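Residue-level structural notes
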Amino acid sequence: MTDFNGVRSVLTFVGFDNYKAMFSEPAFLYSFLITVEYTVINVVLVNVVAFFLSLLVTSNITGKNILRAGFFVPNLIGGIVLGYIWQFIFSSVVTKWTAALFERNYSMLSDTHTAFFAMVILYVWQYAGYIMLIYTTGLNTVPREVIEAAAIDGANAVDTLFRIKIPMIASTITICSLPILL
């Protein structure tokens with residue numbers, strides 16, 4: 001709220017003039033809007049993917065513990081290693097696929113629109129396993145008696161999901177959605 005430029009020792013109070021200038025700058029507005037878009041898309045996609053993964057690992061399939069571990073592994077990979085892995089995937093693997101499919105070399109990282117979605121893919125891949133564990137914990141707290149009673153009353157899997165499981169894990173959904181925004 002001053003006119004400080006990094007060098008000057010005498011400061012003058014300018015109030016909200018810096019904020020007015022910042023919000024009138026097209027580059028800042030673009031950065032702000034793309035950040036909001038990125039955040040909203042990631043929150044929605046991470047939660048949707050993680051919820052379906054948690055439904056998968058809480059079902060009665062064989063090897064569900066291996067799937068749990070496999071879905072959680074991306075959380076254990078460090079940021080630098082993760083960056084190199086995905087740079088290789090987007091620059092080499094995807095480029096070869098596009099060359100084979102469209103007869104044109106194309107990297108997702110070479111265009112601003114596709115780079116945005118490459119970042120979304122990376123984020124969802126990395127954090128869906130962590131959020132999946134929280135959803136899995138929430139789904140495991142739903143009493144089996146309630147699910148059995150619904151089955152006896154004739155509820156199918158979709159009815160059980162939307163009328164019993166999701167309402168009973170509403171607090172888990174809140175926990176998984178809000179911290180990502182903050």
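Quick summary incoming for the structure in this document. For every chain, the first residue of the written sequence is number 1, and numbering continues from 1 onward in sequence order. With the structure being a predicted model, the display of local features is reserved for residues of pLDDT at least 70 and the display and counting of side-chain atom pairs for 80 or more, all residues being used for whole-chain, interface and lining totals. As a rule here, side-chain values come from all non-hydrogen atoms in the structure, and water together with hydrogens is ignored.

Points about the overall build of the protein
Counted only if it meets this: Helix numbering and strand numbering both begin at the N terminus, where a helix is a DSSP run of H or I of at least 4 residues and a strand a DSSP run of E of at least 2. As defined in this context, the radius of gyration uses C-alpha atoms, and a globule is described by 2.2 Å times the residue total to the power 0.38. When accessible area is computed with a 1.4 Å probe and restricted to protein chains, residues below 20% of their type maximum are described as buried, those above 50% as exposed, and intermediate ones as partly exposed. We get accessible surface area from the Shrake-Rupley algorithm with a probe of 1.4 Å; when it comes to residues, only the shown protein chains can shield them. His is not counted, nor are the chain ends, whereas Lys and Arg count as positive and Asp and Glu as negative. A single reference atom marks each charge: NZ on Lys, CZ on Arg, CG on Asp, CD on Glu.
Along its length, the protein carries eight helices and zero strands. Beginning at the N terminus, the succession of helices and strands in the protein can be written as α-α-α-α-α-α-α-α. The C-alpha atoms of the protein give 23 Å as radius of gyration, which overshoots the globular expectation for 182 residues (16 Å, by more than 25%). Projected onto its principal axes, the C-alpha positions of the protein cover 75 × 50 × 25 Å. Taken across its 182 residues, the protein has 26% of its residues classed as buried. Counting only carbon and sulfur atoms, one obtains 69% of the accessible surface of the protein, whose full area is about 12100 Å². Taking the 9 positively charged and 10 negatively charged side chains of the protein as two groups, their mean positions are separated by 7 Å.

What about the environment of Leu82?
Note the following rule: A contact between two residues is defined here by any heavy atoms of the two lying within 4.5 Å.
By secondary structure assignment, the location of Leu82 is in helix H4 (residues 79-102). Since its relative accessible area comes to 3%, Leu82 is described here as buried. Separated by 44 residues in sequence, Leu82 and Gln126 have C-alpha atoms that sit 8.7 Å apart. In this structure Leu82 touches Ile77, Leu122, Trp125 and Gln126, once residues within four positions along its chain are discounted.

Notes on the environment of Val49
Locating Val49 in the fold gives a position in helix H2 (residues 26-57). Here Val49 falls in the partly exposed class, since its relative accessible area comes to 31%. Sequence spacing of Val49 and Tyr127 is 78 residues, and the spatial spacing of their C-alpha atoms is 9.8 Å.

What to know about the packing of aromatic side chains
Convention followed: A pair of aromatic rings is counted whenever rings of Phe, Tyr or Trp (Trp by its six-membered ring) have centres within 6.5 Å, and the orientation is called stacked for planes under 30 degrees apart, edge-to-face for over 60 and tilted otherwise.
Throughout the structure, instances matching the rule amount to twelve aromatic pairs. Between the aromatic rings of Phe16 and Tyr19, the centroid separation amounts to 6.0 Å while the plane-to-plane angle is 50 degrees, which identifies the pairing as tilted. Judged by relative accessible area, which is 54%, Phe16 ranks as exposed. Geometrically, the ring pair formed by Trp86 and Trp125 is edge-to-face, given 5.3 Å between the ring centres and 70 degrees between the ring planes. Of the two residues, Trp86 sits in helix H4 while Trp125 sits in helix H5 (residues 112-140), which places them 39 residues apart along the sequence.

Digging into the packing of H4 against H5
Threshold: Angles run from 0 to 180 degrees between N-to-C directions of axes, and those axes are lines fitted to C-alpha atoms, restricted for helices to the stretch in contact. Under this scheme an angle from 65 to 115 degrees is roughly perpendicular, one under 35 degrees roughly parallel, and one over 145 degrees roughly antiparallel; angles in between are oblique. The hand of a helix crossing depends on one turn: near helix anticlockwise from the far one by less than a right angle means left-handed, and clockwise means right-handed. As a working rule, the residues Ala, Val, Leu, Ile, Met, Phe, Trp, Tyr, Cys and Pro are called nonpolar, Asp, Glu, Lys and Arg charged, and the rest polar, with Gly in that last group.
Where H4 meets H5, the axes come as close as 12 Å, and the angle between the chain directions of the two elements is 130 degrees. Here H4 is positioned oblique relative to H5, judged by the angle of their axes. For the crossing formed where H4 meets H5, the hand is right-handed. Contacts between H4 and H5 involve Leu82, Trp86 and Phe90 from the former and Ala118, Ile121, Leu122, Trp125 and Gln126 from the latter. Class assignment of the residues belonging to the contact of H4 with H5 gives a composition of seven nonpolar, one polar and no charged.

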